[in-house]
Number of protein chains: 2
Amino acid sequence: MTEIPLILHVAPRSGNCHKVELFLSILGVPYRTATHDYTPADLKSQAFRAKNPRGQVPVLEIGDNVIWDSQAILVYLARAHGGEGWLPSDAAAMAEVMQWLALSANEHLFGLAQVRIMRRYRHGNEPLVLTVLERALALAARGLETMERRLARAPWLALDRPTIAEMACFTYPALHREAEIDLAPYPATRAWLGRVRALPGFKTMEGID
Amino acid sequence: MTEIPLILHVAPRSGNCHKVELFLSILGVPYRTATHDYTPADLKSQAFRAKNPRGQVPVLEIGDNVIWDSQAILVYLARAHGGEGWLPSDAAAMAEVMQWLALSANEHLFGLAQVRIMRRYRHGNEPLVLTVLERALALAARGLETMERRLARAPWLALDRPTIAEMACFTYPALHREAEIDLAPYPATRAWLGRVRALPGFKTMEGID
């Protein structure tokens, strides 16, 4: 088996980067790091956004393949280097593991990690009085922009066919009117909403037009 | 193959429940629903928390097996009923799909869904002036309580051995001092932090004691 070198993009003091480095260390998989800073010229630059449209670390490069989310990277490493041990393929066992990845993306990232940032590293652009609504509007825009960037060049989010990426990402953009969020700037996303709606067996809910 | 009946716990107007019902409908998998409301006597009750420690829907019951997160439920259904189509087991392809599940848990849930709730359904207990810090502290507590409940009766989060659930959930609780969050009320979680630290190949980061 040819070893394709792994390059992990990291930034100082990032807990999400630590998760990946911890797992690489436990697996004993060799890798190189590329260290970034949080300036507009680096993680927020167009060049870096070509690797990760969210403008965040960690990002893992495996040859030409780029994976841009810490959870997705953990899944990749578990399946590529961990056999059935760290992420079994059995449906029930995999779901047990995924519950906790969901907890880490939700309560940990928007709870523990957020409190740490605000108390310890409070960035100039994120004052303590930022309201939940202001923060949510910024996140909503980042999510829609990330989808739009992908869907402008591919019909489906993850692969060449619908996957559970479509199931996970359809509902809230489709409920945009209830959030009073305009989808006019996201034409590729609007076209994709139509493709999901056209899937055999599609089911709607109140609030989706 | 014996058909085990699926029971999906839902609540009105929940986008996360819709994701699951949409996928069940597309897969053509029969199921029953159990409908809940958002009162303390229902979703927030001890009885329901025995099914889902977060006190949220959706929850999927498959016989005695209970899955409590919408993403984990999508993963379960894809692997149990969708063959390789909806969630392939190949490492790179699975990671592509997982990127988008992560986006839906992050930008969608704390962005789009949050804006919708605040503009359309604003609950009495969540005023618009709630700050990001207040919200984050509540989420941090919910995350730690959910982990503690599991770890009080099992050594590892998901299965009978360490999995990537450990990799995903270790770092931010371990950084609790930087967040000025006291782990004294979570003895089982503190013991588990020690077990993760004892894994061969463990790697630390600044801020973890």
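Above this text is the structure in question.
Residues numbered from 1 in each chain as written. Chains lettered and ligands numbered in written order. Predicted model: local features only at pLDDT ≥ 70, side-chain atom pairs only at ≥ 80, totals over all residues. Heavy atoms only, no water.

Caption draft 1: Broad picture of the packing of helix α6 (residues 164–174) of chain A against helix α3 (residues 70–81) of chain B. Remark: α6(A) packs on α3(B), axes separated minimally by 10 Å, with the N-to-C direction vectors making an angle of 150°. Relative to α3(B), the element α6(A) lies roughly antiparallel. Crossing handedness for the pair α6(A) and α3(B): right-handed. For the pair formed by α6(A) and α3(B), the contact residues are Ile164(A), Met167(A) and Ala168(A) on the first element and Leu74(B), Val75(B) and Ala78(B) on the second. Per-class residue counts for the contact of α6(A) with α3(B) are 6 nonpolar, no polar and no charged. (Axes fitted to C-alpha atoms, helices over the stretch in contact; angles between N-to-C directions. Helix = DSSP H or I, 4+ residues; strand = E, 2+ residues; numbered from the N terminus. Parallel < 35°, antiparallel > 145°, perpendicular 65-115°, else oblique. Left-handed = near helix turned anticlockwise from the far one by under 90°. Contact = heavy atoms within 4.5 Å. Nonpolar A, V, L, I, M, F, W, Y, C, P; charged D, E, K, R; others polar.)

Caption draft 2: The sheet that holds strand β3 (residues 59–62) of chain A, seen in detail. Residue and element names in this part refer to chain A. Read across the sheet, 4 strands follow the order β2-β1-β3-β4 without closing on themselves; strand pairing throughout is mixed. Since the sheet does not close on itself, it has two edges, and those belong to β2 (32–35) and β4 (65–67), each with one partner. Between one strand axis and the next, the sheet turns through 20° on average, direction left out of account. Contacting β1 (6–10) and β2, helix α1 (residues 15–27) runs over the sheet at an angle of about 150° to β1. (Pairing = 2+ DSSP bridges.)

Caption draft 3: Focus on the relation of the copies chain B and chain A. With an RMSD of 0.0 Å, the fit of chain B onto chain A corresponds to turning through 180° and sliding 0.0 Å along the axis. Here the symmetry operator amounts to a two-fold rotation axis. When each C-alpha of chain B is compared by its distance to the rotation axis, Thr131(B) comes out closest, at 2.2 Å. The share of interface residues of chain B whose copies in chain A are also at the interface is 100%, consistent with both copies meeting through the same surface. (Least-squares fit on C-alpha atoms with pLDDT ≥ 70 in both.)

Caption draft 4: Quick peek at the nonpolar core. Within the largest apolar cluster, 144 residues are counted, with the highest numbers of intra-cluster contacts made by Ile164(A), Trp192(A), Ile164(B) and Trp192(B). With near-sequence residues (within four places) excluded, Trp192(B) lies in contact with Met147(B), Leu151(B), Pro155(B), Trp156(B), Leu157(B), Glu166(B), Cys169(B) and Phe170(B). (Core = buried A, V, L, I, M, F, W, Y, C linked by side-chain atoms within 4.5 Å. Buried < 20%, exposed > 50% of the residue type's maximum accessible area, 1.4 Å probe, protein only.)

Caption draft 5: Molecular detail of the side chain of Gln99(B). Note that Gln99(B) resides in helix α4 (residues 91–121). When its relative accessible area of 2% is taken as the criterion, Gln99(B) is described as buried. If we ignore the near neighbours within four places in the chain, the residues touching Gln99(B) are Val66(A), Ile67(A), Trp68(A), Asp69(A) and Ala72(A).

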